[in-house]
Amino acid sequence: MEQQNQHRRRPRYNGAYPKHFHEKYKELQPEKYGDTIEKVIRKGNTPAGMHRSICVREILDFLQIKPGQKGLDATLGYGGHTEAMLKCLDSCGHIYGLDVDPIESEKTRSRLDGLGYGPEILTVCHMNFADIDRISAEAGPFDFILADLGVSSMQIDNPQRGFSYKFDGPLDLRLDPTQGMSAAQRLARISREELAGMLTENSDEPYSQEIARAIVAAARRGKPVDTTLKLRVAIEEALSELPAENRREEVKKACARTFQALRIDVNNEFEVLYEFLEKLPAALSPGGRTAILTFHSGEDRLVKQSFKEYRKAGVYSDIAKDVIRPDAQECASNSRARSAKLRWAIRGEEAVTSVK
C-alpha cells in the first residue's frame, strides 16, 4: 500500500518583509493578504508579483477618455493603466492590450477578468507593440493609444527572469522567454569589442572596456557568465582597482547599467520602438491621442524626435512642448517613478493620405 503524502505546513512568513521571492507568499496573493500589500506600499516599495503604474493621473488628464471610445494599451504589463482607462469607459467602448510576455499577459487578463473586465470590453493579445499595424488593421483606428516602455516590476522581481542583479538566477532578460537568444547565450559568443560598444551605446557605461574584458576573459577560462550573480561578480572584478571608498556604489551603478544594456540588446528594444513610432500615427483615428512613458534617455530621444518630425509634417496637430515627470509625492512613494518621462501627441483631424 502506497504511503499517502503527508500534508506539509507552509513555512512561517520570514519576518515582515522576506528577502527571497518564493518566500513572499503573502505579497504574491494580494486578494488574500491585502493588509500585507498595504504595508509594503506604505513603505514606498512594490509588492512582489505586482506593478505600480506611474503617471496615471497625468496620462488620464491628457487622453480625455470618454465612454464609447476605442483604445489600445500597447504595453499591457500588470494592467494598472488599462484598469484606470477601462474605468473611464464606464462599461461602454473597448480596449485592446498588447504584451510580448506570454507569462504576465495571461495573468493580467485573468486578473482584469476577475474585476469584471471581460472580453466584451477588453481584448488581450500576445503581440509585440512593433506590430501595431496588425492590430490596427483588425480593430483600429484607435481614439487613444498608450505605451509604457518600462519593464514591469513582476519581471524585475522574479529571479527566474534574470532582470535584476540583486537576486541570483539564470541570466535571461528576455521579455518573451520563448523567443530569441537569452543574455547568457549572447555573452557566450560576443567579442570584447562588440560588448564594450553595446554597453556604451545602450547605457552610457563609463567602464565598458573593463567590464567587457572581464566577461570575455571569464568565458575563455571556461567560466561563462550565465547567471545574474556571475555577472555581478565579473563587474566587481572589473572595477576592483577603483578606490575602496566609492567602489561599492560604482559597482552598484555599473550593474544596473550593464543589465539595462543587455536587456535592450536581447529584446531589440530600440529597433522595436523605432518601428512602433513609425506605425503609430496610422493607428490613430483623426484627433486621436497618444501618450508614451519612457525610462531611458535613448528611448525619450527617439520619442521626442519622432513626435517633432510628424508634427512638422502635419501628421500630428500638437505635441508636448516639454517632458512631463511624476510629481514629488509619487517619486517619494515609488522609487521606480523617478526616471519616468511622459510625452504626448495628437493626430491631426484631417486624414493624411500617406504616413511612413
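Let me sum up the structure you'll find in this document.

Cut-offs applied
- Residues numbered from 1 in each chain as written.
- Predicted model: local features only at pLDDT ≥ 70, side-chain atom pairs only at ≥ 80, totals over all residues.
- Heavy atoms only, no water.
- Axes fitted to C-alpha atoms, helices over the stretch in contact; angles between N-to-C directions.
- Helix = DSSP H or I, 4+ residues; strand = E, 2+ residues; numbered from the N terminus.
- Parallel < 35°, antiparallel > 145°, perpendicular 65-115°, else oblique.
- Left-handed = near helix turned anticlockwise from the far one by under 90°.
- Contact = heavy atoms within 4.5 Å.
- Nonpolar A, V, L, I, M, F, W, Y, C, P; charged D, E, K, R; others polar.
- Salt bridge = Lys/Arg side-chain N within 4 Å of Asp/Glu carboxyl O.
- Buried < 20%, exposed > 50% of the residue type's maximum accessible area, 1.4 Å probe, protein only.
- Phe/Tyr/Trp six-rings, centres within 6.5 Å; stacked < 30°, edge-to-face > 60°.
- Lys NZ or Arg CZ within 6 Å of the ring centre and 35° of its normal.

1. Observations regarding the packing of helix H9 (residues 208-220) against helix H10 (residues 228-238)
Taken N-terminus to C-terminus, the directions of H9 and H10 make an angle of 125°; their axes are 8 Å apart at the nearest point. Taken together, the axes of H9 and H10 are oblique relative to one another. Here the hand of the crossing between H9 and H10 comes out right-handed. From H9, Glu210, Ile211, Ala214 and Ile215 reach across to H10, where they touch Leu231, Ala234, Ile235 and Ala238. Here the residues of the contact of H9 with H10 sort into 7 nonpolar, no polar and 1 charged.

2. Considering the pattern of salt bridges
A full pass over the atoms with the stated rule returns 20 salt bridges. Among the ionic pairs, Asp61 bridges to Arg57, the shortest N-O distance being 3.8 Å. Highlighted residues: Asp61 and Arg57, both in helix H2 (residues 56-63), separated by 4 residues, approximately one helical turn. Classification of Arg57 by relative accessible area gives partly exposed; the value is 47%.

3. Some words on the side chain of Arg257
Looking at the element boundaries, Arg257 is found in helix H11 (residues 244-266). By relative accessible area, Arg257 is classed as buried at 19%. In contact with Arg257, other than residues within four places in its own chain, are Ser203, Asp204, Glu205, Pro206 and Tyr207.

4. Points about the packing of aromatic side chains
Evaluation of the coordinates by the stated rule reveals 6 aromatic pairs. Summarising the aromatic geometry, the rings of Tyr165 and Phe259 are spaced 6.1 Å apart at their centres and angled 55° between planes, so their arrangement reads as tilted. Highlighted residues: Tyr165 in the loop between helix H6 (153-157) and helix H7 (183-189) and Phe259 in helix H11, separated in sequence by 94 residues. Note on Tyr165: relative accessible area 13%, which makes it buried. Plain terms: the ring middles of Tyr310 and Tyr316 are 5.7 Å apart, the flat faces sit at 80° to each other, and that makes the pair edge-to-face. We note that Tyr310, like Tyr316, is buried. An aromatic cluster is defined as three or more aromatic residues linked by ring pairs; in this entry it consists of Phe307, Tyr310 and Tyr316. The ring of Tyr78 has Arg111 lying over it, and the distance from NZ or CZ to the ring centre is 4.0 Å.

Everything listed here is a matter of coordinates, which is why it stays silent on function.
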